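Summary of the model geometry
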Amino acid sequence: MTPVENLEDLYENAPCGYLSLAPDGRIVKANATFSAWIGFSQHELCEKRLHDLLNVAGRIFFETHFAPLLRMQGFFNEVALDFVTNDGSKIPVLANAMERRDDEGGLLFTRITISKAADRRRYERELVDARAAAEAAKRELQALNASLETRIQHAVEERFRMEESLMREREMSELREQFIAILGHDLRNPLASFGGALRMLRRERLTPQGERLLDLLQGSILRMAGLIDNVLDFARGRLGGGIGLNIKSEPLQPVLEQVVGELRAASPDANIEADFAISKPVPCDHVRVGQLASNLLGNALTHGDRNQAIRLQAITEQDEFVLWVGNKGKPIPQIAMKRLFQPFVRGGASGQGLGLGLHIASEIAKAHGGTLTAESSNVETRFTFRMPLARARDEVRTVSQRSR
């Protein structure tokens, strides 16, 4: 009699990992194979998001490639990712994903299969073999002439010291180099092509479904552009140059109105209320202050209650410019408040974003001689930017004198 396969055992102990994600990205089911690989229990995995298990480079790829393409076509095959295990080590894998939707097209869950990447291990073995061959060649060179042994040894030691120094430097700049490599060519050029194609499609006669898809694409393009700008600013900061400013005394309100208008267009279901009372000149870098306002509004749209209004106010009071953004929703946990303006930290439970928006906003505030603070309670979460106008005027005069 032919034995009957146990389907539950086949799922749990398959030679590959299985994950099921809820529409909001939470892991709702993981098999025993993946649990053993990653070092977290199946119960612990169901409290996480796929985004939480990736390294930094993997998070960037997930936000800019994996998630948008999965939303558009419903599947993704052979994606190379690095998972971070419970003990901090990395597992290179290949992932395949497919969405499961109901009859009305609503997303039920996303199924993901995960296989360990053998090619990465083969490459590592080749590196070990290459190092062994290099050491053998060094011994042969030392044996060629005994009189040169001391000089060769000193040269090798110096080379090792240089390699160690270069390795430490590469470790310090690894993240910056990854950002520059991605943003310099791989994202900006195709993003510009996407935007041009989208504008051309807007001129065509489309069905309501087509219009909805174009709105989704427009929102994704704006979000990707914001991610690119934030990461570039972060890379510049790590290079030591900080955030540069172009201080001007032109009216600031039109810039802020444009920012609000763009975000209203990108999120038509959101209610953004804006109040401006700018009665004095505000010498500042208008592009940077607009970026600060955009980052704060984008953070509120991501983490706030979408059924409640998001409020922005920009005013001049006495000798100070004040801009704040407030939203309703769950308060930010106290443990997160302490690290809120650090890079790669997100204030809410959402898995979206790289966690750079608030960090860049804080750096823009510092560059203007101002401050960015946060308050969060059950009533409201509010971010407030304050900038002394006196210092801003001094910087305008300094820039003017240098130009003369």
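Structure: see above.
One structure accompanies this document, and this report is about it. Every chain is numbered on its own, with residues counted from 1 as its sequence reads. In view of the model being predicted, local features appear only for residues whose pLDDT reaches at least 70, and side-chain atom pairs are presented and counted only at 80 or more, with totals across whole chains, interfaces and linings using the full set of residues. Side-chain measures were taken over the full set of non-hydrogen atoms in the model, leaving aside hydrogen atoms and water.

A look at the sheet that holds strand 9 (residues 371-376)
Rule in force here: The rule for pairing is simple: two strands pair if DSSP sees at least two bridges between them. Secondary structure elements follow DSSP: runs of H or I no shorter than four residues count as helices, runs of E no shorter than two count as strands, and numbering proceeds from the N terminus. The axes are straight lines fitted to the C-alpha atoms, using for helices just the contacting stretch, and the angles between their N-to-C directions are given from 0 to 180°. Note on contacts: a residue pair qualifies if any of its non-hydrogen atoms lie within 4.5 Å across the two residues.
Strand order in this open sheet of 5 strands is 6-7-8-10-9, and the pairing throughout is mixed. Of all strands in the sheet, those with a lone pairing partner are strand 6 (272-277) and strand 9, marking the two edges. Each strand axis lies, on average, 10 degrees off the axis of its neighbour in the sheet, ignoring direction. Where strand 8 (residues 320-327) and strand 10 (residues 381-388) come together, 8 bridges link them in antiparallel fashion. Opposite Asn327, over in strand 10, you have Thr381 as the bridge partner. Here helix 8 (residues 253-266) sits on the sheet in contact with strand 6, strand 7 (310-317) and strand 8, set at roughly 175 degrees to strand 6. In the packing of helix 11 (residues 357-367) onto the sheet, contacts are made with strand 9 and strand 10, and the angle to strand 9 comes to roughly 135 degrees.

Here we look at the nonpolar core
The test is simple: Buried residues of nine kinds, namely Ala, Val, Leu, Ile, Met, Phe, Trp, Tyr and Cys, make up a nonpolar core once their side-chain atoms join them within 4.5 Å. Relative accessibility under 20% of the residue-type maximum defines a buried residue, over 50% an exposed one, and the middle range a partly exposed one, all with a 1.4 Å probe and only protein chains included.
Leu296, Leu297, Phe321 and Leu323 are the most contacted members of the largest nonpolar core, which totals 37 residues. Contributing elements (two or more residues each) for this core: helix 8, strand 6, helix 9 (286-303), strand 7, strand 8, helix 11 and strand 10. Among the elements that take part in this core, helix 9 stands out by supplying 7 residues, more than any other. What Phe321 contacts, discounting residues up to four positions off in sequence, is Leu252, Ile278, Val282, Ala314, Ile315, Thr316, Phe385, Arg386, Met387 and Leu389. Counting 25 residues, the second largest nonpolar core, distinct from the first, contains Leu19, Leu21, Ala67 and Val79.

A few points about the environment of Phe76
Within the secondary structure, Phe76 sits in strand 3 (residues 75-84). Taking the C-alpha atoms as reference points, Phe76 and Glu99, 23 residues apart in sequence, are found 9.3 Å from one another. With residues near it in sequence (within four places) discarded, Phe76 still touches His65, Phe66, Leu69, Leu70, Ala95, Asn96 and Ala97.

Things to note about the packing of aromatic side chains
Quick note on the threshold: Think of it this way: a Phe, Tyr or Trp ring, Trp meaning its six-membered ring, pairs with another when their centres are within 6.5 Å, and the plane angle makes it stacked under 30 degrees, edge-to-face over 60, tilted otherwise. In this scheme, Lys NZ or Arg CZ marks a charge over a ring once it lies within 6 Å of the ring centre and within 35 degrees of the ring normal.
Within this structure, the stated rule accounts for 4 aromatic pairs. On the numbers, 6.2 Å between centres and 75 degrees between planes, the contact of Phe321 with Phe385 is edge-to-face. Here the residue Phe321 occupies a position in strand 8, and Phe385 occupies one in strand 10, the gap between them amounting to 64 residues. For Phe321, a relative accessible area of 0% corresponds to the buried category. Judged by relative accessible area, which is 0%, Phe385 ranks as buried. For the cation-ring pair, Lys48 lies above Phe40, with the distance from its terminal atom to the ring centre recorded as 4.7 Å. Between Arg382 and the ring centre of Trp324, over which it is positioned, the NZ or CZ distance is 3.5 Å.

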